[in-house]
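Spelled out from the first residue to the last, the chains are:
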2 protein chains.
Amino acid sequence: MQSVYVAGIGMTKFGKDPRSLAEICHDAAQTALTSSEIQEVEAIYIGVMNPEEFTGDSNIASHIADALGLTGIPAVRIETASSAGAAAVQAGFQAVASGYYRRVLVLGGEKMTHLSTSATTRVLAGVIDKEERQCGATMPALAAMITEKYREKFNLSQSRLETMLCAVAVKNHGNGAHNPMAQFQKPISRETYLASKYVATPLRLYDCSPITDGAAAVVLTSEKTDVRLAGVGQGTGPLSLRGREIFTSFPATRMAAARAYRMAETSPQGIEFAEVHDAFTPFEIITTEDLGFFAPGKGGDAVLEGVTAIDGRLPVNPSGGLKARGHPVGASGLAQIVEAVKRLRGESGSKRQFNRGLTQSTGGLASNNFVTILERTDASLPRTPGFPQPARQVAKSRPAKMPMSNEGVIETFTILYVTPDGFLPPLALALVREQNGRLILAQGEESKHLKIGREVYLKRTEDYYLFTLKGRFKMVQDSLKRNLWQRARALVRKPIPADGKL
Amino acid sequence: MQSVYVAGIGMTKFGKDPRSLAEICHDAAQTALTSSEIQEVEAIYIGVMNPEEFTGDSNIASHIADALGLTGIPAVRIETASSAGAAAVQAGFQAVASGYYRRVLVLGGEKMTHLSTSATTRVLAGVIDKEERQCGATMPALAAMITEKYREKFNLSQSRLETMLCAVAVKNHGNGAHNPMAQFQKPISRETYLASKYVATPLRLYDCSPITDGAAAVVLTSEKTDVRLAGVGQGTGPLSLRGREIFTSFPATRMAAARAYRMAETSPQGIEFAEVHDAFTPFEIITTEDLGFFAPGKGGDAVLEGVTAIDGRLPVNPSGGLKARGHPVGASGLAQIVEAVKRLRGESGSKRQFNRGLTQSTGGLASNNFVTILERTDASLPRTPGFPQPARQVAKSRPAKMPMSNEGVIETFTILYVTPDGFLPPLALALVREQNGRLILAQGEESKHLKIGREVYLKRTEDYYLFTLKGRFKMVQDSLKRNLWQRARALVRKPIPADGKL
């Protein structure tokens, strides 16, 4: 396979940008092309998540080719939800690696801030499963439910979890303060974090990445430059929350990482820094575990111990991450690569010499993830592969004709305070495992006393399921019912005596 | 570059399909996989145009991977408007040609018939330029204006043009009658064609492809099979109509063809049959000229002479084309490839042995086009390259600060009878070249007496331009105005005599 190198990089200052999507993309592309020795490209790969609904633009590839003054040049739009920028890099990589093209421009962009928060939330929620959306779920709601499950699985107290999430937010905002392209360039304190409101328990506003406009671009080439795309990998995961068996790890990241490490002939130990998809602070923790940097359940400790700090052993999101740099969805996966190239080139303000970095991008609720490994070509790097190939996790097909039980147990839950249109806060949502083993996302009739493991009743409405906690009185009733039932069954099972008398 | 072969093919019966997009895709994929010796693929490339607006599905790649039971496998969505299926083939081709994957599944699909015609027309119109859309333009409207320009350029009478377009429709519907997967399997007569209503003059209902649900799939592999992807090429063209200098040819097709012919080491003379994008009958004629099969202006004659008939020298759309097979936008580019493979394999009912075929797919208003050349691997084919590389046509940038003249000349026009919501039929639209050379799409205050070359007045409203024909009375007024103006200017230019008297 032909090696693929990075020739030029560019990005806009992320944040609220008054320009159109095409103008933002033009800006990033221009910077990438002028910073490159290559001014002429043979094709354009464009990662955009949803210009159809964000800005009313279909046929975006032709539109952007036109806007760049590159009409005629082949242009393709690539989309994998919020990892579209990384997907475009992979498509561009494959095109150059095949020898079909020698030089391509890869672009990622999104224009979001012109819409209201509720409209943006609605468009973003389009990436999650339809049934779960109908129940009132949003991206933060599902991320919160994953976080609650993580807390329970690794036996963390609520305050310990809060400390960990806060540490990620404080670290990334601190890092963003040094990044002139970041949306937020001010450090935040623990107090600021704690003063921020809950979006979906246990996630606060400062656990969630912002709404952002921006674009990023790279020029990829088969001619040797100072930075090489050493490994690229992709994996998918179940679209829905209820289609999963694993909640506290993202198999899509593990699949992508396995491929990227194998290709780059390296392992987690060979990585010197990483830019990962911290759309939600807990996702940074889970992702650093999935990438093999830390054992499951140990990602939070690593943040608290400073291992992932900008001057730590393994800086994670030294650019500020999605949290502080901002998250124009189609651009983020590519912006990570731009940041990584800057770091490898010593253009990011750090005095440390980095030779190998990794970027990880997440599409939707970790349903389409990418890992890219970048290396300086002048460094002599050890080749020590070693990362287990994960088993493919097939979305659980629901047992077809099993009756739905109307009783179940809470698998995880959240209280949603920023609700989609048509749903009033606070909105309790729980993933319930009904007695036949199926997972159901249900809306709570009450939002108090929720806990993983609590028993609930399920009721089907027209659009979704409702759950009610089994109360004390109800539990007594149930126990009586069970008792009567067992006695009745015992009676039935008892052989009928010859004289017919029980 | 690694050679890329077709291992399996599949498609659904096109038409109104009650199933969901995911189910339709599942069906096509299943057929492709079971008809292939390869059951396991390493990645999925999915061409879909606009599931966001057609069915409310974002994150479609993960969604479809899930639906196929292939969760975990990398899946990417590729989009280039109505050529998305062909774009997915090209992306899959590059991935296999690079050696990154050995076996990939390429899918194309769209679900459209559940929406009203006006809603579908609105979504489809999203692919055209925003300003032109605001003026009331739809895809058929712009295609009609291209057709009117073609008629004028090649000096065709209205009835000659009508005869040509009718011949394309009759031929393709006749071919569709033999295709069990086609939406329409009945031949149509000249009378049926002529009885059909105008959608946008000179295009009738039978000049336009229908609204369709459907999916198509191919398995691509690096292991040799009986059919090879010998050449693939892509080109883009200006998004808007008014950004063009050439109307009667699509540079995007010429670019794509040049690359595909060069790669396959062949020329138009080496092609034995073609499936081309006849979303509108005139596009088949223009495309066969752009592909180099016929000289400019001669494509219509070729249809009338039977050259492109199913038993002619060069069958074009022997499957029925988009006209009769149907046009689920994201699937069409891939369905063409499925049909071509069937023909090469002798599975299409024809007794003739075909060894090399070509498919051509059009994105939007010919703004993103693809050409693919397929060959039987057991045939010994002559390698005779020869197709001129076209000059790249950059979208005309409008002279920045030139004042807009309020007078101009009709470059081309149409009367639109099927109008988008908010516009009443008949709606006259004209592309007007104003006196400073800019092209403007404008709405007519009247819809009679329109003709290419007629002079008009232009007036700006809030959303678009209006034009009025310069009438007899107005022309007299103008001539008087011009006269007065010239006399005034002559006076000013005249040096003032020493005595101060004029």
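Residues numbered from 1 in each chain as written. Chains lettered and ligands numbered in written order. Predicted model: local features only at pLDDT ≥ 70, side-chain atom pairs only at ≥ 80, totals over all residues. Heavy atoms only, no water.

K.L.:
Please clarify how the pairing of strand β4 (residues 103–110) of chain A should be interpreted in this entry.
P.N.:
Residue and element names in this part refer to chain A. Among the eight residues of β4, seven are classified as buried, and the element is accordingly described as predominantly covered. As paired strands, strand β2 (residues 43–47) and β4 are joined by five bridges and run parallel to one another. If you follow G47 over to β4, its bridge partner there is G108. The pairing of β4 with strand β7 (residues 214–221) spans eight bridges and is antiparallel. Each bridged residue has a counterpart across the sheet, and for G108 the counterpart in β7 is A216. (Buried < 20%, exposed > 50% of the residue type's maximum accessible area, 1.4 Å probe, protein only. Helix = DSSP H or I, 4+ residues; strand = E, 2+ residues; numbered from the N terminus. Pairing = 2+ DSSP bridges.)

K.L.:
Can you walk me through the interface of chain B and chain A in this structure?
P.N.:
How big an interface is tends to be stated in terms of accessible area lost as the parts join. Contact with chain B, which involves 63 residues of that partner, is made by 63 residues of chain A. Viewed at the interface, chain A and chain B are joined by four salt bridges. Across the salt bridge formed by E79 of chain A and R77 of chain B, the nearest N and O atoms sit 2.8 Å from each other. Linking chain B with chain A are 28 residue pairs in polar contact (both at pLDDT 80 or more), by the criterion used here. When residues of the side of chain B that touches chain A are assigned to their parent elements, the largest contribution, six residues, is made by helix α3 (residues 60–67) of chain B. Looking at the side of chain B that touches chain A residue by residue, the classes come out as 26 nonpolar, 26 polar and eleven charged. In the sheet, strand β3 (residues 75–79) of chain A pairs with strand β3 (residues 75–79) of chain B via three bridges, with the strands oriented antiparallel. Directly across from I78 of chain A, in β3 of chain B, lies its bridge partner I78 of chain B. (Contact = heavy atoms within 4.5 Å. Salt bridge = Lys/Arg side-chain N within 4 Å of Asp/Glu carboxyl O. Polar contact = N/O pair within 3.5 Å; in protein donor to acceptor, adjacent residues only side chain to side chain. Nonpolar A, V, L, I, M, F, W, Y, C, P; charged D, E, K, R; others polar.)

K.L.:
How should the pairing of strand β10 (residues 356–361) of chain A be read in this particular structure?
P.N.:
Two faces belong to every sheet, and in a regular strand the side chains alternate between them. All names here are of chain A. Of all six residues in β10, six are buried, a share of seventy percent or more. Covered by surrounding structure in β10 are R356, L358 and Q360 together with G357, T359 and S361, the residues of both alternating faces. Alignment of strand β9 (residues 273–275) against β10, held across three bridges, turns out to be parallel. Across the sheet, residue E275 finds its bridge partner in β10, namely T359. Pairing between β10 and strand β11 (residues 368–376): six bridges, direction antiparallel. Among the inter-strand pairings, R356 is bridged to a residue of β11, identified as E375.

K.L.:
What is the right way to read the side chain of D129 of chain A from this model?
P.N.:
All names here are of chain A. Along the chain, D129 falls in the loop between α5 (117–125) and α6 (130–134). One polar contact links the side chain of D129 to the main-chain amide nitrogen of E132, over a distance of 3.2 Å. For D129, the side chain forms a polar contact with the side chain of R242, separated by 2.7 Å. Aside from chain neighbours lying at most four places away, what touches D129 is L239, S240 and R242.

K.L.:
Whenever I open this one, the domain arrangement of chain A confuses me. Can you help?
P.N.:
All names here are of chain A. Each domain of chain A was delimited in the assignment, giving domain 1 (5–113 + 206–376) and domain 2 (407–491). The C-alpha-based centres of domain 1 and domain 2 are spaced at 40 Å. At the interface, five residues of domain 1 touch six residues of domain 2. Contact between domain 1 and domain 2 buries roughly 410 Å² in total, counting both sides, with carbon and sulfur atoms accounting for 71%. If you sort the residues of domain 1 by the area they bury against domain 2, L241, R242 and F247 come out on top, with a joint share of 82%. Inspection of the domain 1/domain 2 interface yields one salt bridge. Between R433 and E245 there is a salt bridge, and its shortest N-O distance comes to 3.8 Å. Inspection of the region where domain 1 meets domain 2 yields zero residue pairs in polar contact (both at pLDDT 80 or more). By residue class, the composition of the side of domain 1 that touches domain 2 is two nonpolar, no polar and three charged. (Domains from an automatic or database assignment. Buried area = accessible area lost by both parts, 1.4 Å probe.)

K.L.:
Before we go on, may I ask you to explain helix α10 (residues 251–263) of chain B in this structure?
P.N.:
Residue and element names in this part refer to chain B. Taking 1.5 Å per residue, 13 residues should reach 18 Å; α10 reaches 18 Å between its end C-alpha atoms and fits that length. Here α10 lies mainly inside the structure; ten of its 13 residues are buried. Taken together, the buried positions of α10 are P251, A252, T253, M255, A256, A257, A258, R259, A260 and Y261. For α10, the secondary structure elements touched by its buried residues are β8 (227–236), α11 (281–290), β10 (356–361) and β11 (368–376). Of the residues flanking the end of α10, it is E265, one or two places downstream, whose phi is positive at about 50°. (Expected span 1.5 Å × (residues − 1).)

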